[in-house]
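Descriptive structure summary
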Amino acid sequence: MADDEVVRRLDELMDLFTRRLLDDRQKRATIEVLQQELDHARQGLAAEYLLPLVHEIALVVDRLDRYDGADPEFAASVAAELVEALARQGVTEITVDDEFDPSRHEAVETTDRAELPAGQVVEVRRRGFAHTAAVLRPAQVVVNQTASEGGPA
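Structure report, in brief. (Residues numbered from 1 in each chain as written. Predicted model: local features only at pLDDT ≥ 70, side-chain atom pairs only at ≥ 80, totals over all residues. Heavy atoms only, no water.)

Description of the overall build of the chain
- From N to C terminus, the chain includes two helices and six strands.
- Listed by position from the N terminus, the elements making up the chain come as α-α-β-β-β-β-β-β.
- Rg of the C-alpha trace for the chain: 28 Å, well past the compact-globule value of 15 Å for 153 residues, more than 25% over.
- C-alpha extents for the chain along the principal axes are approximately 100 × 45 × 20 Å.
- In the chain, which comprises 153 residues, the proportion classed as buried is 22%.
- Once local pairs closer than 6 in sequence are excluded, the contacts in the chain between residues at least 24 apart make up 62%.
- Accessible surface computed for the chain: about 11200 Å², of which carbon and sulfur atoms make up 55%.
- When the 17 positive and 31 negative side-chain charges of the chain are each reduced to one mean point, those points stand 7 Å apart. (Helix = DSSP H or I, 4+ residues; strand = E, 2+ residues; numbered from the N terminus. Rg over C-alpha atoms; globule rule 2.2 N^0.38 Å. Buried < 20%, exposed > 50% of the residue type's maximum accessible area, 1.4 Å probe, protein only. Contact = heavy atoms within 4.5 Å. Areas by Shrake-Rupley, 256 points an atom, 1.4 Å probe, with all protein chains shown as cover. Lys, Arg positive; Asp, Glu negative; His and termini not counted. Charge placed at Lys NZ, Arg CZ, Asp CG, Glu CD.)

Structural data, given as structure tokens:
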């Protein structure tokens, strides 16, 4: 009879262990989901509160970029400091590589340069800014529309 009691108690302990293990897994999964939702909410709030500030600072940077007065080097250094201040808050300047990316760039003009490939960014008209993966303001660019040598792309 004592052996039966030991087996019964072991079965109870195994059942308790299994239930707690499943409960822990479920709790961990719930915590992960909540953490993802919290991160998403933080990003949304950051973008919501950052967007007006970034917009205002970007307008000042635009004016400084176009400044051609007595001390353009000073204007360029102030613009660089403003962009650095944004970067410290997680707002980065959108990079403009050679190729046009409609998810990060806004084509404001096209050009026909036979020596350049179609879709290549020729000029940046206005800087763009992003926070994490969210584009707060796309970079405005001039894009080449004529393909080189091989005809249309």
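Considering the nonpolar core
- In terms of nonpolar packing, the biggest core is built from 13 residues, with V54, V61, L86, V91 and F129 touching the most fellow members.
- For this core, the secondary structure elements donating two or more residues are helix 1 (2-66) and helix 2 (72-88).
- The element best represented in this core is helix 1, accounting for six residues.
- Not counting residues up to four positions away in its chain, the partners in contact with L86 are V54, I57, V91 and F129. (Core = buried A, V, L, I, M, F, W, Y, C linked by side-chain atoms within 4.5 Å.)

Description of the pattern of salt bridges
- Counted by the stated rule, this structure contains 10 salt bridges.
- Here E5 ties to R8 by a salt bridge, and the two come within 2.4 Å at their closest N and O atoms. With E5 and R8 both in helix 1 and three residues apart, this pair spans about one turn of that helix.
- Residue classification places E5 among the partly exposed residues on the basis of a relative accessible area of 36%.
- Salt-bridge contacts for E12 lead to R8; the nearest nitrogen and oxygen are separated by 2.3 Å. You can see E12 and its partner R8 sitting in helix 1, four residues apart, about one turn around the helix.
- The class of E12 is partly exposed, set by a relative accessible area of 40%.
- Given a relative accessible area of 38%, R8 falls into the partly exposed group.
- The network of salt bridges with shared partners includes E5, R8 and E12. (Salt bridge = Lys/Arg side-chain N within 4 Å of Asp/Glu carboxyl O.)

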